[in-house]
Amino acid sequence: GDSGQRDALFKRAREVLENARQLNPLNTDHTANLARMYQIWGNGTTDPAKRQELLYQSLAYYDEATRLSPNNAQLWNEWGRTYALLGDYGQALDKYQRSLALDSTFQETYLQLGDLYRTQQKWPDALDTYQKALARNPKSVQAHSALGYVYSQMGQIEDAVRENQAVLKLAPNDSASHRNLALLYQQLGRWDEALAEAKAALALTPEDQALQAFVKELEQRQ
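Residues numbered from 1 in each chain as written. Predicted model: local features only at pLDDT ≥ 70, side-chain atom pairs only at ≥ 80, totals over all residues. Heavy atoms only, no water.

K.L.:
Pulling in residues and values, what's your account of the pattern of salt bridges?
P.N.:
What the rule picks out here adds up to 14 salt bridges. As a salt-bridge pair, aspartate 7 and lysine 50 come within 2.4 Å of each other at their nearest N and O atoms. Here aspartate 7, found in helix H1 (residues 3-23), pairs with lysine 50, found in helix H3 (residues 48-68); they are 43 residues apart in sequence, far enough to count as distant. Judged by relative accessible area, aspartate 7 falls into the buried class, the value being 15%. Given a relative accessible area of 26%, lysine 50 falls into the partly exposed group. Aspartate 128 is the partner of lysine 132 in a salt bridge, and the nearest nitrogen-oxygen pair spans 3.3 Å. Taken together, the positions of lysine 132 and aspartate 128, both in helix H7 (residues 123-136) and 4 residues apart, correspond to about one turn of that helix. Through salt bridges with shared partners, a single ionic network connects Glu158, Arg190 and Glu193. (Salt bridge = Lys/Arg side-chain N within 4 Å of Asp/Glu carboxyl O. Helix = DSSP H or I, 4+ residues; strand = E, 2+ residues; numbered from the N terminus. Buried < 20%, exposed > 50% of the residue type's maximum accessible area, 1.4 Å probe, protein only.)

What follows is the structure in structure tokens.
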């Protein structure tokens, strides 16, 4: 939690990665790892100017990494995520589309592209993209959960319930999905089910004061 210590460790990591890159400059891994390091460093930095500086450094290394390995879809995705963190959604979309042109079966690309649309509240686009992700991996907890959120934002509450139930079949101890179901059942006026799901969520996160209050509210309503 100490920002000074954290920065010192990142600087040490940078030294090691730069040494590796100097030893073998044509090995994409070293350049890509520098890009990843700057992305993580920047995304965890609270100072806006420093955050931007670090993320732009990440962009530069991803530019170099993709020139070394232009057919690596994962690198294009990571590059797109850095642009998304900077709020440059146009460039992020371009990188994700480049990734899909290389590999249209890569589920991770659809998940990241769906996240991009969700950030922009482009709900129909997000819905379509997450559905494509789910088609490539029907057991994806992340895709089901994301679809549940999108459906709820579109007012399709029953569909949102279905997706959160799908999450719990795959991950029964997912407290967020129990909480989501409690809220969705509350909207539907299904009070007994809302209370049961809220209690299930609280059992998994007993220190959550907001959830404690929510359970009491539902008990009183019941």
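Next comes the rest of the description.
K.L.:
Please set out the nonpolar core residue by residue, giving values where relevant.
P.N.:
Counting residues in hydrophobic clusters, the biggest one holds 53 residues, and the most contacted among them are Tyr38 and Tyr130. If we skip the residues at most four places from it in the chain, tyrosine 130 touches Leu111, Gly114, Asp115, Arg118, Ala143, Ala146, Leu147 and Val150. (Core = buried A, V, L, I, M, F, W, Y, C linked by side-chain atoms within 4.5 Å. Contact = heavy atoms within 4.5 Å.)

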